[in-house]
Amino acid sequence: ADTVQRLSVEDLSVHYGGVRAVGSVGFTVEPGESVGIIGANGAGKTSTLKALMGLVPRSAGRIRLGEHDLTRVKARDMVRHGIGYVPEGRHVFPGLPVEKNLLLGAYSRPWDKDTHRQLEEVYALFPVLREMRERLAGALSGGQQQMLAIGRALMTRPRLLVLDEPSMGLSPKLVGSILDVLRKLREEGLSLLLVEQNATLTFGVTSHCIVMENGEIAMSGTSAQLSHDPRVREVYLGL
Ligand code: ATP
């Protein structure tokens, strides 16, 4: 059951107290594909991801992974279907050591020799986390905490990794390191769904993108097409 499956999101809508934040959004992530969702602050990107993960109520929508209907699956059970989630703002446990944070990421699976192997893979991807494994997570820099948050999600051995603004608050150099890591994960065959305000980063790692405006899909296409679109260049790339 470890084969990568197509994620399909149909007609997804989110309302907060009667106000629509997301309206009828639909997209797919093919196995091994990397899809981006870009858009300005407040466009509905985070709400789309949270609704996909079951973290906010959906007013409509259907979520499928291969043959499985995940529409009614609870957020904490998504991980068992191979979906890893890196929330906006990192949310590491600041009072616990780095390694403990990573091991907590593996919570959904019984501790076994694979847990150790997975820990080694995360340390290979982020050597700085190995160096800092005894340090409290709260003592890490913002960039290191973002790496820890990604590493923790990888501990569940996902087949699809969902990331909410991993570049937020990071220096251009660190954004570059995140880009390198995401590219490496993609080469290893992991499917990615990436929400970002940073369109340059997103186009650098995805094959397809959605542009969200006012809770709806304003544009979609291949990342190459969109990065050449005059309006995208002006509004999202500042060119
Ligand atoms: P950001 O880049 O700031 O995360 P976003 O594109 O992810 O922006 P959302 O956070 O999904 O956008 O917000 C979409 C809309 O829903 C915004 O108008 C926002 O103010 C509103 N909103 C988000 N969360 C809530 C909430 N918990 N209660 C009420 N309104 C909310």
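Since the model is a prediction, treat every value here as computed from it, not as a measurement.

**Overview of the nonpolar core**
Consideration 1: In terms of nonpolar packing, the biggest core is built from 35 residues, with Leu 129 and Leu 161 touching the most fellow members.
Consideration 2: When contributions to this core are tallied by element, the ones reaching two or more residues are α3 (98–105), α4 (113–125), α6 (142–154), β7 (160–164), α7 (172–187), β8 (191–196) and α8 (199–205).
Consideration 3: Those residues in contact with Leu 129, other than ones at most four positions away along the chain, are Val 98, Val 122, Tyr 123, Leu 140, Gln 144, Met 147 and Leu 148.
Consideration 4: Val 22, Phe 27, Ala 43 and Val 73 belong to the second-largest nonpolar core, a separate cluster that totals 30 residues.

**With respect to the site of the ligand**
Consideration 1: Taken together, 13 residues form the shell around the ligand, and within it Asn 41, Gly 42, Lys 45, Thr 46 and Ser 47 come nearest.
Consideration 2: Here Gln 197 contributes a side-chain N or O atom positioned 3.1 Å from an oxygen atom of the ligand.
Consideration 3: Burial of the ligand by the surrounding chains reaches 57%, relative to a free accessible area of 630 Å².
Consideration 4: Among the elements that make up the shell around the ligand, the one with the highest residue count is helix α1 (residues 45–53) (three residues).

**Looking at the packing of α3 against α4**
Consideration 1: The contact between α3 and α4 brings their axes to 11 Å, and the two run at 125 degrees. As the angle between them shows, α3 and α4 are arranged oblique. Two packed elements cross with a definite hand, and for α3 against α4 that hand is right-handed. Here α3 contributes Glu 99, Leu 102 and Leu 103 to the contact with α4, which in turn contributes Thr 115, Leu 119, Val 122 and Tyr 123.
Consideration 2: Here the contact of α3 with α4 is composed, by residue class, of five nonpolar, one polar and one charged.

**As for the packing of α6 against α7**
Consideration 1: In contact at an axis separation of 10 Å, α6 and α7 are set at 15 degrees when each is read in the N-to-C sense. It follows from the interaxial angle that α6 and α7 lie roughly parallel. In this structure, the crossing between α6 and α7 has a hand that is right-handed. Residue-level contacts link Gly 143, Gln 146, Met 147, Ile 150 and Leu 154 of α6 to Leu 174, Ser 177, Ile 178 and Leu 185 of α7.
Consideration 2: When grouped by side-chain class, the residues that make up the contact of α6 with α7 number six nonpolar, three polar and no charged.

**A word on the confidence of the model for the chain**
Consideration 1: Scored by pLDDT, the chain has a mean of 92; 97% of the residues are at 70 or more.
Consideration 2: Scored as a whole, the predicted complex attains pTM 0.93, and scored at its interfaces, ipTM 0.93.

**Observations concerning the environment of Gly 54**
Consideration 1: With respect to the helices and strands, the residue Gly 54 is situated in the loop between α1 and β4 (60–65).
Consideration 2: Note: C-alpha distance between Gly 54 and Met 212 (158 residues apart in sequence) is 20 Å.

**Some points on α7**
An α-helical turn contains 3.6 residues, so a residue and the one three or four places further along point in the same direction.
Consideration 1: Compared with an ideal rise of 1.5 Å per residue, which puts 16 residues at 22 Å, α7 spans 23 Å between its outermost C-alpha atoms and is within 8% of the ideal.
Consideration 2: Of all the residues in α7, the buried ones are Val 175, Ile 178, Leu 179, Val 181, Leu 182 and Leu 185. All buried residues of α7 fall inside an arc of 165 degrees around its axis, so they share one side. In α7, those exposed residues whose orientation departs by more than 90 degrees from the buried face are Pro 172, Lys 173 and Glu 187.
Consideration 3: Buried residues belonging to α7 abut α4, α6, β7, β8 and α8.
Consideration 4: One or two positions beyond α7, positive phi appears at Gly 189, with a value near 100 degrees.

**Things to note about the pairing of β8**
Sheet faces and side chains relate simply in a regular strand, where the side chains alternate between the two faces.
Consideration 1: Taking burial as the measure, the six residues of β8 include six buried ones, the bulk of the element.
Consideration 2: Of the pairings in the sheet, the one linking strand β3 (residues 34–39) to β8 comprises five bridges and is parallel in character. Looking across to β8, one finds that Ile 37 is bridged to Val 195.
Consideration 3: Pairing analysis gives five bridges linking β7 to β8, with the strands arranged parallel.

Rules used throughout
Residues numbered from 1 in each chain as written. Predicted model: local features only at pLDDT ≥ 70, side-chain atom pairs only at ≥ 80, totals over all residues. Heavy atoms only, no water. Core = buried A, V, L, I, M, F, W, Y, C linked by side-chain atoms within 4.5 Å. Buried < 20%, exposed > 50% of the residue type's maximum accessible area, 1.4 Å probe, protein only. Helix = DSSP H or I, 4+ residues; strand = E, 2+ residues; numbered from the N terminus. Contact = heavy atoms within 4.5 Å. Near = heavy atom within 4 Å. Polar contact = N/O pair within 3.5 Å; in protein donor to acceptor, adjacent residues only side chain to side chain. Areas by Shrake-Rupley, 256 points an atom, 1.4 Å probe, with all protein chains shown as cover. Axes fitted to C-alpha atoms, helices over the stretch in contact; angles between N-to-C directions. Parallel < 35°, antiparallel > 145°, perpendicular 65-115°, else oblique. Left-handed = near helix turned anticlockwise from the far one by under 90°. Nonpolar A, V, L, I, M, F, W, Y, C, P; charged D, E, K, R; others polar. pLDDT = per-residue confidence, 0-100. Expected span 1.5 Å × (residues − 1). Arc of directions from axis to C-beta. Pairing = 2+ DSSP bridges.

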